[in-house]
Structures are given as C-alpha cells and as structure tokens.
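Examination of the molecular architecture
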Amino acid sequence: MVSAVEQSVLFQYWQIFLPLFLLFAAFLYLKDKKEIEAFTNASKKVREHNKLDGADLVAVTEEDIDQEDEFSPSLETKDHVPFSGASVTLPGGAKEFYKMANDRRSVRKYSTKPVPIEVIEDCVRSAGTGPSGAHTEPWTFCVISSAEIKQEIRDIIEQEELLNYTQRMHKQWTTDLSPLKTNHVKEYLTDAPYLILIFKQTYGLREDRKRKQHYYNEISTSIATGILLSAIQSAGLSSLITTPLNCGPALRSLLNRPANEKLLVLLPVGYPSDDCKVPDLSRKDLSEIMVKY
Ligand SMILES: Cc1cc2nc3c(=O)[nH]c(=O)nc-3n(C[C@H](O)[C@H](O)[C@H](O)COP(=O)(O)O)c2cc1C
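Throughout, residues of each chain are indexed from 1 in the direction in which the sequence is written. The model is predicted, so local features are restricted to residues of pLDDT at least 70 and side-chain atom pairs to those at 80 or more, both for listing and for counting; the totals for chains, interfaces and linings are taken over all residues.

**Some words on the nonpolar core**
Note the following rule: Nonpolar cores are built from buried Ala, Val, Leu, Ile, Met, Phe, Trp, Tyr and Cys residues. These are joined into a set through C-beta atoms within 7 Å. Here a residue counts as buried when 20 or more other C-beta atoms fall within 10 Å of its C-beta, as exposed when 12 or fewer do, and as partly exposed in between; the C-beta atoms come from the backbone. Every helix listed is a DSSP run of H or I at least four residues long, and every strand listed is a run of E at least two residues long, numbered separately from the N terminus. Residue pairs are scored as contacts if the distance between their C-beta atoms, which are placed from the backbone, is within 7 Å.
The biggest cluster of nonpolar side chains holds 34 residues, and the ones touching the most others in it are Tyr-194, Leu-195, Ile-196, Leu-197 and Val-269. Of all the elements in the fold, those that place two or more residues in this core are helix 6 (117–127), strand 1 (139–144), helix 7 (147–168), helix 9 (188–191), strand 2 (194–201), helix 10 (217–234) and strand 6 (261–270). Among the elements that make up this core, the one with the highest residue count is strand 2 (6 residues). Beyond its immediate chain neighbours, meaning those up to four positions away, Val-269 contacts Ile-120, Ala-192, Tyr-194, Ile-196, Ile-232, Leu-237 and Ser-239.

Next up, the structure:
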C-alpha cells in the first residue's frame, strides 16, 4: 500500500523542490547579510565622522549616510556672477559701527510703546542675509505681537524658570547670575511690543520630500541672530537674548512649528521702560580679546 507521504507531490518531485528550497534559503541569508553589513558600515561611518573635530556641529545621521548613493546638490548649479566688493558702506565705517555696537545693552524692562512692524521686518531681513553652511539658511524667525500669545509664552517660561531657578540650576549658576538680578518673573515677555523666537532648522526638506542636510545649523542661526541684534540696535531699539531652559518643545508646539525646528533663542524687542536699569558691566579691552600674529 502506497502511503500518503509517498503520494505527496513534494515527495515525488523532491529532486526539483530541494534545490529550489536551498536556493531560496541561500538568497534570504545573503540578503540579510548584505543589509546587516550596510547597517554596520553606516554606523561605522557615523562613528568615524563623529570622531572628527567639529563634526558634532554637522548633523549627519545613519539615514543620511544610507542615502549616499543618491547624491545631487541641494542648490541649483549655475555660473558664478562677478562681484567687486561692498557697495553700501556706513558713514564713519567700522569706528561708527563699533560705537553703535558698544551702545547695545541687554534690556530686561520694556516700555509698551509700539514699534512699526516694518522696522522689525527690516531687522529680520538683515538677519536673513547671514552666511550659512552650504547656503542652507537654516533659520525661522517667529515674530509675536499678539497679547494672548505673549501671555501664553510668559506662562510657559515662568513656570519652567521657577523650576530652573529653584531646582534645576546648579548653585554656582544661580550665584553667577545674581549680579544680573534675574529671576523667574519675566515681565518683559508681555510688556515688549514684540517677541522674536528664533528656531534653528536641524534639517530641511527637498522638493521630493527627501531630507536636506543643514550643516552647522546652530552656528549659522547664531550668526544670523548677531546680525539681528545689530539691526535692532541700528533702529534705536533694544533687545535681550534669552535661552529659557527646557521651554523649547512647549514653545515649538504653541507656535505649531515643525519637528525639524528647535528653539535657539527668544528676544523681546522694543524700547526700554523709563525706569529701566542695566547691570554695571564693563567689556574686555581689545588687548584681551585680540591676538596679532
Ligand atoms: C547665549 C546667551 C544666553 C543668554 N541667556 C539669557 C537669559 O536666559 N536670560 C537673561 O536675562 N539674559 C540672558 N543673556 C544675556 C546676558 O546675560 C547678557 O548678554 C550679558 O549679561 C552681557 O550684558 P549686555 O548684553 O548688556 O552686554 C544671554 C546672553 C547670551 C549671549
């Protein structure tokens, strides 16, 4: 009597099925091996890259390295254009600019006197002229004049700053800050006519929705912020760089900013209040900050 096993197709044609099965198993094994190798190589490259001095400032992830067989420039490739140097200069040049820069002070008490939005727009335009890694322009300037949003921002920041000052900041830190007389109460967040929240874009998106690298995005955005400070000063306005600890995610979500944007700094902008006072600070002399070779 022929058994059910002997009758089965598999049994009858095992000479065909066995090599096919072995081939398929080998294919799966090689595919897995290739994927593991690619992953290991990408991790190795990221590790090697991260060992380079300054590499921590250039955000390169395994995902970026995975895409490396599809290189194409993010900028359009065009002929270079002639340039003969600066054509707009300040009367008085660098000396006058220094006088203006040296006149800037961080202001923590503001008048509610309004400022035309056009002035702020020009200041942000100036900030947007900043140089950036591979011309990625990795910044977003959120300008807030709405009283309700300013109040919401103040609520978020004061709540976190209370914890920062009382629980999170090291004793040395709060001690170093004491001459500046700062605390968790931030009236300037609602008094100043504008708040500017500056976000660094840690990456961008190309038209095909692929990730665009934003090299040195923090340095680039910080330079743009410096230009913004000078522009604000040139308009006769005051500002204050603030870095509210642990408030970035809540402020990003309040303003509906996308996931690639991280809060770098927040500035109130306006005129100082009539009773404004600033810490009595002096600045380092040129001989202390410049070394000639
Ligand atoms: C990166 C950075 C972070 C700062 N963070 C704060 C801050 O969170 N709160 C604040 O009141 N001032 C902050 N400041 C302002 C400094 O305290 C101020 O620049 C410094 O005391 C010098 O004063 P001046 O700006 O009047 O020259 C910050 C400044 C910088 C550059």
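There is more to say, and it comes next.
**Some remarks on unusual backbone geometry**
Even without being glycine, Asn-246 reaches a positive phi, approximately 70°. Note that Asn-246 resides in the loop between strand 5 (238–239) and helix 11 (248–254). When the 14 C-beta atoms within 10 Å are taken as the criterion, Asn-246 is described as partly exposed. Even without a glycine there, the phi angle at Asn-256 is positive, about 55°. Positionally, Asn-256 belongs in the loop between helix 11 and strand 6.

**Section: the pairing of strand 6**
Rules: Criterion used throughout: strands pair if DSSP finds at least two bridges between them.
Counting buried residues along strand 6, 8 of its 10 residues qualify, which places the element largely inside the surrounding structure. In this structure, strand 2 lies alongside strand 6, joined through 8 bridges in antiparallel fashion. Among the inter-strand pairings, Lys-200 is bridged to a residue of strand 6, identified as Lys-262. Looking at chain direction, strand 5 and strand 6 are connected through 2 bridges and run antiparallel. Along strand 6, the bridge assignment pairs Ser-239 with Val-269.

**Re the sheet that holds strand 1**
Under the convention used in this document: In this analysis an axis means a line fitted to C-alpha atoms, helices contributing only their contacting stretch, and an angle means the value between N-to-C directions, from 0 to 180 degrees.
The strand order across the open sheet formed by 4 strands is 1-2-6-5, and the pairing between neighbours is antiparallel. This sheet does not close on itself; its edge strands, each paired only once, are strand 1 and strand 5. Sitting on the sheet, helix 6 is in contact with strand 1, strand 2 and strand 6, with an inclination near 170° to strand 1.

**Some words on the environment of Leu-245**
Position of Leu-245 among the secondary structure elements: in the loop between strand 5 and helix 11. Taking the C-alpha atoms as reference, Leu-245 lies 9.4 Å from Met-169; in sequence the two are 76 residues apart. Leaving out residues up to four positions away in the same chain, Leu-245 has contacts with Glu-160, Asn-164 and Arg-168.

**What about the domain arrangement of the chain?**
Keep this limit in mind: The domain limits used here are those given by an automatic or database domain assignment. Note that Gly is not counted as nonpolar here; it falls among the polar residues with everything else outside the nonpolar set of Ala, Val, Leu, Ile, Met, Phe, Trp, Tyr, Cys and Pro and the charged set of Asp, Glu, Lys and Arg.
What the domain assignment lists for the chain is domain 1 (10–66) and domain 2 (106–277). Look at where the C-alpha atoms of domain 1 and domain 2 centre, and you get two points 44 Å apart. The partner domain 2 presents 10 residues to the 5 residues of domain 1 that form the contact. Here the side of domain 1 that touches domain 2 is built from residues that sort into 3 nonpolar, no polar and 2 charged.

**Let's talk about the packing of helix 6 against helix 10**
Stated precisely, the cut-off is as follows: Handedness of a helix crossing follows the sense of rotation of the near helix relative to the far helix, less than a right angle counterclockwise being left-handed and clockwise being right-handed.
Between helix 6 and helix 10, the least distance of the axes is 7 Å, while the angle of their chain directions is 145°. Crossing hand, helix 6 versus helix 10: right-handed. Across the interface between the two elements, Asp-122, Cys-123, Val-124, Ser-126 and Ala-127 of helix 6 pack against Ala-224, Thr-225, Ile-227, Leu-228, Ala-231 and Ile-232 of helix 10. In terms of residue class, the contact of helix 6 with helix 10 is built from 8 nonpolar, 2 polar and 1 charged.

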